[in-house]
Amino acid sequence: MRQIALREALREAMNEEMRRDDRVFLMGEEVAEYNGAYKVSQGMLDEFGPKRVIDTPISELGFTAVAVGAAQNGLRPVVEYMTWNFAVLALDQILNTASKMLAMSGGQVSCPIVLRGPNGSAGQLGAQHSTAFESCYANIPGLKVVSTCNPYDSKGLLKQSIRYEEDPVIFMESEVAYGDKGEVPEEEYYIELGKADVKRQGRDVTIVSFNKMMKVAMGAATELEKEGVSAEVIDLRTIRPLDWMTILESVKKTNRLIIVEEQWPFASISSEIAYRIQKEGFDYLDAPVRRITSADAPLHYAGNLAALGIPDVARTVKLAKEVMYLKK
């Protein structure tokens, strides 16, 4: 095992798959000459050349359409967006073409494409650069949605998405986590989509999260431990398909569930999880399922308002105590 940054783990995943299969190529704004807006694709142009690492115009709809067409004709494109906030311009291609073509062609035309880039807030960037989109894309049949930001999971899931997935994969990262380091093996590995991971074992309350909100979930578990509360922490990793069975098995043990996510509250990932668990695990619950989400409003630029709008450790700890009926 070695310690590498998230951007390096993602780069290794793309490099390894591009070396293995010459049908794989990368395209997006500044991925080639500039080595990537976040330096994820650093050095890839030198190794693979301009036909496989392609700088595009500032036209998400246009270059996504090119990639979707390439995927439907036998190639395996990886598209990088500077942020998923900009990818809404390409939603027509993602929703009306990529996600639907397999069904509309009677199973004859698949679309093996990976669409990746940072998602959600990244500090004081203003409302137009700070939206989390997992629930939006997870609501579209025909798409798979991955949302993770630790190096080990990100590399394994990206390699799996590029090599084995015939459906379009929405791969959501975190701009503020690209420099975060974690252990990654030297040997090749893949992580199957649709498998959540129990990052911390516990007995008193289950905390479910994903992407950079996992830092909040793990931080809350650490603080709760100081007060004698044992929290089990689950990283969803894949939003669609959703591994709700892992959550259910945890709830059978802890009898309490809270969900931490960087989504707006209405029709969010936590909404779906809460429905599934109350339906299948009602008899195991000793308290209502609770959640903490982003504020139901555009995220403000002002630092104090941005901090209030996103889940944090203190509010997550408070919520955990509430479901355990402990004194605040």
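Preceding block: the structure.
To keep things clear, this report deals only with the structure shown in the data block. (Residues numbered from 1 in each chain as written. Predicted model: local features only at pLDDT ≥ 70, side-chain atom pairs only at ≥ 80, totals over all residues. Heavy atoms only, no water.)

### Some thoughts on the sheet that holds strand β10 (residues 205–209)
Pairing is mixed across the open sheet formed by five strands, whose spatial order is β9-β11-β10-β13-β14. Strands with a single pairing partner mark the edges of an open sheet, and in this sheet they are β9 (197–200) and β14 (290–292). Averaged over all neighbouring strand pairs, the angle between strand axes comes to 25°, with direction disregarded. Where strand β13 (residues 257–260) meets β14, three bridges bridge the pair, whose relative direction is parallel. In the sheet register, isoleucine 258 faces β14, and the bridge partner there is arginine 290. (Pairing = 2+ DSSP bridges. Helix = DSSP H or I, 4+ residues; strand = E, 2+ residues; numbered from the N terminus. Axes fitted to C-alpha atoms, helices over the stretch in contact; angles between N-to-C directions.)

### Regarding the packing of aromatic side chains
Following the criterion strictly, the structure yields seven aromatic pairs and no others. Judged by centre distance (4.7 Å) and plane angle (5°), the ring pair of tyrosine 152 and tyrosine 189 falls under stacked. Taken together, the residues span a long stretch of sequence, with tyrosine 152 in helix α7 (residues 151–163) and tyrosine 189 in the loop between β8 (181–184) and β9 at a distance of 37 residues. When its relative accessible area of 9% is taken as the criterion, tyrosine 189 is described as buried. An aromatic cluster of at least three residues, connected via ring pairs, comprises Phe63, Tyr81, Trp84, Phe133 and Tyr137. Of note, lysine 39 hangs over the ring of tyrosine 34, and the distance from its end group to the ring centre comes to 3.7 Å. (Phe/Tyr/Trp six-rings, centres within 6.5 Å; stacked < 30°, edge-to-face > 60°. Buried < 20%, exposed > 50% of the residue type's maximum accessible area, 1.4 Å probe, protein only. Lys NZ or Arg CZ within 6 Å of the ring centre and 35° of its normal.)

### Remarks on the packing of helix α8 (residues 213–226) against helix α12 (residues 313–323)
The description of two helices packed together rests on the angle between their axes and the distance between the axes. Two numbers describe how α8 lies on α12: the axes approach to 9 Å, and their chain directions differ by 60°. Put simply, α8 runs oblique to α12. The way α8 lies across α12 gives a crossing that is right-handed. Listed contacts from α12 to Val216, Gly219, Ala220, Glu223 and Leu224 of α8 are Val313, Thr316, Val317, Ala320 and Lys321. When grouped by side-chain class, the residues that make up the contact of α8 with α12 number six nonpolar, two polar and two charged. (Parallel < 35°, antiparallel > 145°, perpendicular 65-115°, else oblique. Left-handed = near helix turned anticlockwise from the far one by under 90°. Contact = heavy atoms within 4.5 Å. Nonpolar A, V, L, I, M, F, W, Y, C, P; charged D, E, K, R; others polar.)

### Topic: the pattern of salt bridges
Taken as a whole, this structure holds 32 salt bridges when the rule is applied. Across the pair glutamate 262 and lysine 212 runs a salt bridge whose closest N-O atoms are separated by 2.8 Å. Note that glutamate 262 is positioned in the loop between β13 and α10 (269–281) and lysine 212 in the loop between β10 and α8, a separation of 50 residues in sequence. Taking relative accessible area as the criterion, lysine 212 reaches 10% and is therefore assigned buried. Salt-bridge contacts for lysine 279 lead to glutamate 280; the nearest nitrogen and oxygen are separated by 2.8 Å. Residues joined in a network through salt bridges with shared partners are Arg2, Glu12, Glu16, Glu17, Arg20, Asp21, Arg23, Lys155, Lys159, Glu186 and Glu188. (Salt bridge = Lys/Arg side-chain N within 4 Å of Asp/Glu carboxyl O.)

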